[in-house]
Structure formats: structure tokens, C-alpha cells
Amino acid sequence: MNHFELIDGELHAEQVALGAIAREVGTPVYVYSRATFERHARVFREAFAALPKVHIAFAVKSNPNLAVLRLLAKQGYGADVVSEGEMNRALAAGMPAADIVFSGVGKTRDELTAAVRAGIGQFNLESEEEGEELAAIAASLGKTATCALRVNPDVDARTHAKISTGKAENKFGVAYDRAAGIYARLSALPGLAMRGLAVHIGSQISDLEPSRQAFLKMGALMNALRVEGYAVTHMDLGGGLGVPYKPGEQLPTPAEYGAMVAEVTQGWNATIMFEPGRVISGNAGVLVTEVIRVKQGTSAPWVVVDAAMNDLARPAMYDAWHDFAAVRPTGETMVANVVGPICESSDTFAKNREIDVVKAGDLAVFGTAGAYGATMANTYNSRALVPEVMVDGDKWALVANRIEPATILAAEQVPDWLV
Ligand code: LLP
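Residues numbered from 1 in each chain as written. Predicted model: local features only at pLDDT ≥ 70, side-chain atom pairs only at ≥ 80, totals over all residues.

Asker: How do you make sense of the packing of helix α4 (residues 84–92) against helix α5 (residues 109–118) when you look at a structure like this?
Answerer: Each pair of packed helices can be summarised by the angle the axes make with each other and by the distance between the axes. Contact geometry of α4 with α5 gives a least axis separation of 10 Å together with a crossing angle of 20°. As far as their axial angle goes, α5 and α4 are roughly parallel. Along this stretch, α4 crosses α5, giving a crossing that reads as left-handed. Residues E84, M87 and L91 of α4 touch α5, and the partners they reach there are E111, A114, A115 and A118. (Axes fitted to C-alpha atoms, helices over the stretch in contact; angles between N-to-C directions. Helix = DSSP H or I, 4+ residues; strand = E, 2+ residues; numbered from the N terminus. Parallel < 35°, antiparallel > 145°, perpendicular 65-115°, else oblique. Left-handed = near helix turned anticlockwise from the far one by under 90°. Contact = placed C-beta atoms within 7 Å.)

And the structure:
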């Protein structure tokens, strides 16, 4: 459910016409809906009403915009961060350090130090080596780092291979069979307070069964550790719940996911933690683009738009499907290819797809672009870094400026021995 709807024949974000934003800000531009973010945050939280203790940390990587983080902080959300940069964003947005979880397989010494200093609530350790390094850093600062151990359950999430993380062949977490030994050794280190386990098997998950299997394995590991006398008070079940990208696509709802979690975790007597990204942000944003021209093709016309793979990388990277819709649909459709201006064939958004009829100068949107959209944008082909807008009812504001190619050029220099 989202708040992008046709009003008097024109697509609006809440009560704001996308054409009005495009006229002022230009295109391409990401447009987010505050009401949609808030609705998703509420629905996700309500899905776990049956659980006694819950902590929700928004996966900042899915949409790190400061205004988005601020909005979620006001909803009581913490943050799941994977770099010092993301940590500083979450703190800048007003999220308490104690509500921040630091994940990631390659946290550097500097990042670990900064996070200990900031008083981050939980480090999700991805290896014994990382735990030993963090213990030394925390002890040298006279602090204790609160930690969970990320375990690789060797479960296939049945999603795209590039966004699968819970198979033994993936780089994430420690091997399931070694986890208890590592947990025990790390628990003995001064500087660390081991309090739980973490798991995350992948993203855009459309089938709850692999998650259920992974959570059951984590429960068994938790019980084994408790029998050995170790405290396991927190269980971080990660993120990964998928969202519909195609009209009419059916995915498990947060309520269905919540019911599965409630069933599996019954009697765990632990704080259950979540790291949702896409399910909160995905359908809260669209990418608005203008059609540059429609070029004749051999089998189907090429609709060349002014957004490209540098603005929205998912189709090029994962063959992802994003809905393409005219801002002022005529009701007629055509079969076409939708491509950006970048000089490689992977800059393709849709092939031989039935789309709204569009012509040069028309505005259109790519749907479900609030997650892994702007955050993965770059300046390939010396294009601008795409701006972002937040809508709230009938008002809107620019929440990230367009970074012009000239600004990026100004950050480069020619050494005097090359002049
Ligand atoms: N927690 C951890 C440890 C993660 O690695 C991720 C995502 C999440 C939570 C959030 O997952 P979500 O709820 O958003 O599925 N760029 C890719 C997605 C990469 C996901 C990486 N990890 C895409 O555009 O599909």
C-alpha cells in the first residue's frame, strides 16, 4: 500500500503532482512519500505485536537519506548500519546510539573505534577475528562493546544469487557448526559483552520457509549456548522481507512474516531484533524521469528516458523489474524497450514490455524505487548525482540536492608534473 495515485489524470505523491516537482527540481528525481514510510513502519511494527520484546533497526543501506532516517527515528526506529558513514547519518538523524546495530563483514579498526566511542548498542560480529580486535579496542578505551555473533545458517533464501547471504558459500557470518565455540571464546574476552546471535539470509525474500528454517536453527543454537551457561538475551533475525515490484504481485505480508516469527520464537524469552530495509522503503519512493525521445527500433521502439543505470542500478545489476508508468497516462499502451542514455547495453530498464504510451517530453516514473535506488546512484558518464524530494500531504521539500558534474569536476585536480 502506498500513496502514489492518479488524481485528475496525473500521478501524485500524496497530494503533490509529480509534474510540479519535476518542473521545479528537474529530472531525474527521486520522490518519497512520508505517509507511505510511516504506514510501512507502523504495519511492520504491528506485525510483531504478539512478541514480548522487539527492537527494530531500519537497514540504512536501503535508503540513507537524512530526512528518511529522521522520519523513522520519530517512529521509534533504530538503525542497522554497515559503515561509519551510515552510523553518523543515524546519529545525525537523532537515533539514540543504543538503538544502533553495527553490521558488516569488513568493519575497519577506525570504524570499530568510532562506534565504541559513540556507544553503539550492538555490534554484530561476523568473525572471531573481528571479535578479538573489537575486544582489544574496547578494553583499551575502558569500555565494553555489546555484541551478537552473526551466524551463517547455510540456508538458501531462494532469492537472486547476488543478494543471497545465508549460504555457506557466502562471506557472511561464522559457520553454524563453529558458532558455539566462537561464542564461548568471545564471551571470555574482557571488553566484550556477548548478548546474542544474529542471522540474515538475504534480501527480496518471497518465500517464508527458508527464513523459518534459519530461525529454527538459530533457536537450537541459542538453546545449546544457554545449556552451556551463556547468556543469550537478544536474537537478531535480520531483514530481507520482499516487496511487490509488479502490479498484482503477491508476497508474504509483514503480518504473515510476524505470525511465522511468533510461532518459531515462542518461549525464546529473548528480545527479538529486526533489520528491515526494503519492506519499509521500497514502495515509499519513485524515480521520476522525462522521456528524451522515442526512437524507432527493429521489433519495438526504444523509449529513451533521462534516468539511467547510474540513477537506478537495480535493473542493470540484478535484472530487477521496476514498474514504468506515465505520469499522465492516456489509457493506451504500447510494447517498447525503456532505456537510459548511458553508453552500454546494460542501461536497460525494460525490454519488450507493455507500457503506457509515452512520447518525447512526457514524464514517467519507475516504481518501487525507495529502496536501493538513490543510495546506489553514482555519476557514471559524468552525470549528476540524482536529487531526492520528500512529500508530506500537500507540501514537499528537496531532501538531497542534485550534485552537478561541475561540483565533482571541481574535486579533481591535475598534479603539477602533468601540467
Ligand atoms: N541486514 C543485513 C545484515 C543486510 O545485509 C541487509 C541487506 C539488510 C538487513 C536489509 O535487507 P532488506 O530488508 O532491505 O532486504 N542492493 C540490493 C539489496 C542488497 C541487500 C543487502 N543487505 C538490491 O537492490 O536488491
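Asker: Please explain helix α1 (residues 18–25) as it appears in this structure.
Answerer: Residue pairs three or four apart in sequence face the same way in an α-helix, which turns once every 3.6 residues. Here α1 has its buried residues at L18, I21 and A22. Projection of α1 onto a plane perpendicular to its axis shows the buried side chains occupying an angular sector of 100°, all on one side. Exposed residues pointing more than 90 degrees away from the buried face of α1 are listed as R23 and E24. Of the residues one or two after α1, G26 is the one with positive phi, at around 85°. (Buried ≥ 20, exposed ≤ 12 C-beta atoms within 10 Å, placed from the backbone. Arc of directions from axis to C-beta.)

Asker: Any chance you could explain the sheet that holds strand β3 (residues 16–17) here in plain terms?
Answerer: Ordered in space as β1-β2-β3, the three strands form an open sheet in which the pairing is antiparallel. Each edge of the open sheet is held by one strand with a lone partner, namely β1 (4–7) and β3. As judged from the two bridges shared by strand β2 (residues 10–13) and β3, these two strands associate in the antiparallel manner. Residue pairing across strands places A13 opposite V16, the latter belonging to β3. (Pairing = 2+ DSSP bridges.)

Asker: In this structure, what is going on with the nonpolar core? I would like to understand it.
Answerer: Proteins that are soluble and globular tend to have nonpolar side chains buried together. In this structure, L18, V31, L149, L197, V288 and V389 are the most contacted members of the largest nonpolar core, which totals 119 residues. Taken domain by domain, this core gets at least three of its residues from each of domain 1 (4–32 + 282–409) and domain 2 (34–281). Excluding anything up to four places from it in sequence, L197 contacts A148, L149, V151, M218, L221, M222, V232 and M235. (Core = buried A, V, L, I, M, F, W, Y, C linked by C-beta atoms within 7 Å. Domains from an automatic or database assignment.)

Asker: Any chance you could explain the environment of A49 here in plain terms?
Answerer: Considering the arrangement of structural elements, one finds A49 in the loop between α2 (34–46) and β5 (54–59). Residues A49 and A255 lie 206 residues apart in sequence; the distance between their C-alpha atoms is 9.7 Å.

Asker: What should I look at first to understand the site of the ligand in this one?
Answerer: In the region of the ligand, 22 residues are neighbours, and A59, S203, G239, G277 and Y372 sit closest. Within the residue set of the shell around the ligand, elements represented by two or more residues are α10 (278–281) and α11 (314–318). The two domains that each donate at least three residues to the shell around the ligand are domain 1 (4–32 + 282–409) and domain 2 (34–281). (Near = placed C-beta within 6 Å.)

Asker: Just to check I follow, could you spell out helix α7 (residues 176–187) for this structure?
Answerer: For α7, with 12 residues, the first-to-last C-alpha span of 17 Å sits near the 16 Å given by 1.5 Å per residue. Those residues of α7 that are buried are in contact with α6 (128–140), β9 (145–152), β10 (174–175), β11 (192–198) and α8 (208–227). (Expected span 1.5 Å × (residues − 1).)

Asker: How should I be thinking about the UniProt feature "binding site: pyridoxal 5'-phosphate" (unreviewed entry) in the chain in this particular structure?
Answerer: Per the UniProt annotation, the sites labelled "binding site: pyridoxal 5'-phosphate" (unreviewed entry) are G240, E275, P276, G277, R278 and Y372. Locating E275 in the fold gives a position in the loop between β13 (271–274) and α10. The residues contacting E275, other than those within four sequence positions of it, are A57, A59, D80, V101, H200, D236, G238 and G239. Tracing the sequence through the fold places P276 in the loop between β13 and α10. Beyond its immediate stretch of four places on either side in the chain, P276 contacts F44, I56, F58, A59, G239 and L241. (UniProt positions renumbered as here; feature names shortened; annotations may be inferred.)

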